[in-house]
Amino acid sequence: MEYEIYKLPGLSIKAKLKDNDIEFTAEGFLKHMANPIVKQISEYFSTERPAIATEEKYVLSGWLPYIPSPALTRLLSNQVKIKMNGIKIPEQISIAVTGKCPCDCIFCCAKGIRAEPELTFDEIKSIIDQGIEMGTHLFTFDGGEPLLRKDIYDIISYANSTGSLTVMFTNGLYLDGDVAHKLKKAGLDTLQVSIDSPYQEEHDKIRKVKGIFKKATAGAQSAVEAGLFVSLYNVVRRTNSDRKTLNDLLSLAEKLGAHEVSFYDILAIGKWLEREDDTLTDEERESTIKFHKEVNQKGNKGPKVMAFSYFESPERFGCMAGRRWIHFTPAGDLIPCSYTPLTFGNIRETSLKNMWEKVRKHAEYTTENRACMIQDKEFRKRYIYPIPKDASLPYPIEKIQ
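Treat the numbers as computed from the prediction; the structure is a model and nothing was measured.

Undergrad: Lay out the environment of Arg-323 with the relevant residues and their values.
TA: Mapped onto the secondary structure, Arg-323 falls in the loop between α10 (308-311) and β13 (325-328). With relative accessibility at 1%, the residue Arg-323 sits in the buried group. Spatially, the C-alpha atoms of Arg-323 and Gln-92 are 9.4 Å apart, while their sequence positions differ by 231 residues. Excluding residues that lie within four positions of it along the chain, Arg-323 makes contacts with Lys-88, Ile-89, Trp-356, Arg-360, Glu-364, Tyr-365, Thr-367, Glu-368, Arg-370 and Met-373. Of the polar contacts made by the side chain of Arg-323, one reaches the backbone oxygen of Glu-364; its length is 3.0 Å.

Spelled out as structure tokens, the structure:
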């Protein structure tokens, strides 16, 4: 099966599916322009097996546009434009649609972040529209707990109507079969269900909600049955980065029918701000990267693994904050990522384009292929430590000298 996934006069990029494998090629007199892009994508896809591979679609990960899809076409179009003029765009936008949440997680990164007045449906639509105009191909909806918004299905449906990849996070407390079917009908592509531990007692303790493990796992299974791509989202800490725990989480995902397990390193931010010494060591981080590579080897079966310490490593795509990814708080502040408590403006006061230009002109966000900035001790010394203890967050970056 062969798909033409991008086309303009003088250039055609095709994806050929065969035996659970995929090959990308560029054709036309402008193919020299696209060859570096095709090579980078091909190298990444060639190292891993897909999560789903049928004649209808090829899904490497729930975090990446499906093949074929309008989102993938837009992603490739963006890469060609970036190659031609060097101007970056916000390829991925996450929006915290609410600050409300029934959980009180021990490492919540949203602690202290302004959440009122909450973005309206029309304001969220405006963010989506402005993102699409600039080339955004992926919208993620988180919180708080997105399912506390009655209009979350309308929000997802609107994002889906733009031909974008849609992703939503949930703690799973309100997730059941009916909700899962509504999310599927609205056009949600990927559902990230937060599972902080494969062990019920520990997960409930971390979330500070008794019984949430049973609710979340049952909800994840219902979402799979509804036809959603489901990933179990896990914050990797020192206490759960050992191989046994990682294997047990993968086994849980397989039992539930989930397609993927996503690992994100714990960061010294929010409630974990004062615990910089209680984050992953280089050895522990490397262990999750090794796990990612081992599980995703071609020929293996079962759920895949997405370890962001691998995906966003300098050797791959680097830290995406302010380069490919931006985040909006529930009150409309633009921050480089959901873990960076520094704002470049508010959508109620200025356009996405103007704020994005401000981000891209800032010295810290001009360097490409660097490691996670919130894990960078020098960045923390320059921009996190100087934030006043009693400051309202996110803090205007221009106030830090």
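Picking up where we left off.
Undergrad: Hey, could you go over the sheet that holds strand β14 (residues 334-335) for me, with residue numbers and the actual values?
TA: Overall, mixed pairing links the nine strands, which are arranged β12-β11-β10-β9-β8-β7-β6-β13-β14 in an open sheet. The open sheet has two edge strands, β12 (304-307) and β14, and neither has a second partner.

Undergrad: How would you summarise the sheet that holds strand β1 (residues 2-8) if you had to cite specific residues and measurements?
TA: The three strands lie next to each other as β1-β2-β3, forming an open sheet whose pairing is antiparallel. Both edges of this open sheet fall to β1 and β3 (21-27), since each of them pairs with a single strand only. The mean angle between the axes of side-by-side strands here comes to 15°, regardless of whether they run parallel or antiparallel. Bridge analysis of β1 against strand β2 (residues 11-18) gives six bridges, and the strand direction is antiparallel. Considered in β2, the bridge of Leu-8 is made with Leu-11.

Undergrad: Before we move on, can you summarise the nonpolar core with the specific residues and values?
TA: Ile-67, Phe-141, Leu-183, Leu-232 and Phe-328 are the most contacted members of the largest nonpolar core, which has 132 residues in total. Beyond its immediate chain neighbours, meaning those up to four positions away, Phe-141 contacts Ile-95, Val-97, Ile-128, Pro-146, Ile-152, Ile-155, Ile-156, Ala-159, Val-167, Met-168 and Phe-169.

Undergrad: Give a detailed account of the packing of aromatic side chains, specifying residues and quantitative values.
TA: Applying the stated rule across the entire model yields 17 aromatic pairs. Ring plane angle 75° and centroid distance 5.6 Å describe the contact between Tyr-44 and Phe-311, whose orientation is recorded as edge-to-face. With a gap of 267 residues between them, Tyr-44 in helix α1 (residues 31-46) and Phe-311 in helix α10 connect regions that are remote in the sequence. A single burial state applies to Tyr-44 and to Phe-311, both of which are buried. Aromatic rings pair up to connect Tyr-44, Trp-63, Phe-169, Tyr-233, Tyr-264, Phe-308, Tyr-310, Phe-311, Phe-317 and Tyr-339 into one cluster. It is Lys-125 that lies over the ring of Tyr-158; its NZ or CZ is 4.9 Å from the centre. Across the ring face of Trp-272, the terminal group of Arg-275 is positioned such that the distance to the ring centre comes to 3.9 Å.

Undergrad: Could you give me a rundown of the environment of Lys-298, with the residues and numbers involved?
TA: Here Lys-298 shows up in the loop between α9 (282-295) and β12. In sequence terms Lys-298 and Thr-47 are 251 residues apart; their C-alpha atoms lie 7.7 Å from each other. A polar contact is formed between the side chain of Lys-298 and the side chain of Asp-21, at a distance of 2.9 Å. In this structure the side chain of Lys-298 is engaged in a polar contact, spanning 3.3 Å, whose partner is the backbone oxygen of Ser-46.

Undergrad: An account of unusual backbone geometry is requested, with residue identities and associated values reported.
TA: Of the consecutive residues Gly-143 and Gly-144, the connecting peptide bond is found in the cis state with omega at 15°. Omega for the bond connecting Leu-393 with Pro-394 falls within 30 degrees of zero, at 0°, which places this linkage in the cis form. With respect to the helices and strands, Pro-394 occurs in the loop between α12 (377-384) and β16 (395-396). For Lys-208, which is not glycine, the phi torsion reads 60° and is therefore positive. Structurally, Lys-208 can be placed in the loop between α6 (200-207) and α7 (212-225). Positive phi, normally seen in glycine, also occurs at Asn-369, with a value near 50°.

Calculation criteria
- Residues numbered from 1 in each chain as written.
- Predicted model: local features only at pLDDT ≥ 70, side-chain atom pairs only at ≥ 80, totals over all residues.
- Heavy atoms only, no water.
- Helix = DSSP H or I, 4+ residues; strand = E, 2+ residues; numbered from the N terminus.
- Buried < 20%, exposed > 50% of the residue type's maximum accessible area, 1.4 Å probe, protein only.
- Contact = heavy atoms within 4.5 Å.
- Polar contact = N/O pair within 3.5 Å; in protein donor to acceptor, adjacent residues only side chain to side chain.
- Pairing = 2+ DSSP bridges.
- Axes fitted to C-alpha atoms, helices over the stretch in contact; angles between N-to-C directions.
- Core = buried A, V, L, I, M, F, W, Y, C linked by side-chain atoms within 4.5 Å.
- Phe/Tyr/Trp six-rings, centres within 6.5 Å; stacked < 30°, edge-to-face > 60°.
- Lys NZ or Arg CZ within 6 Å of the ring centre and 35° of its normal.

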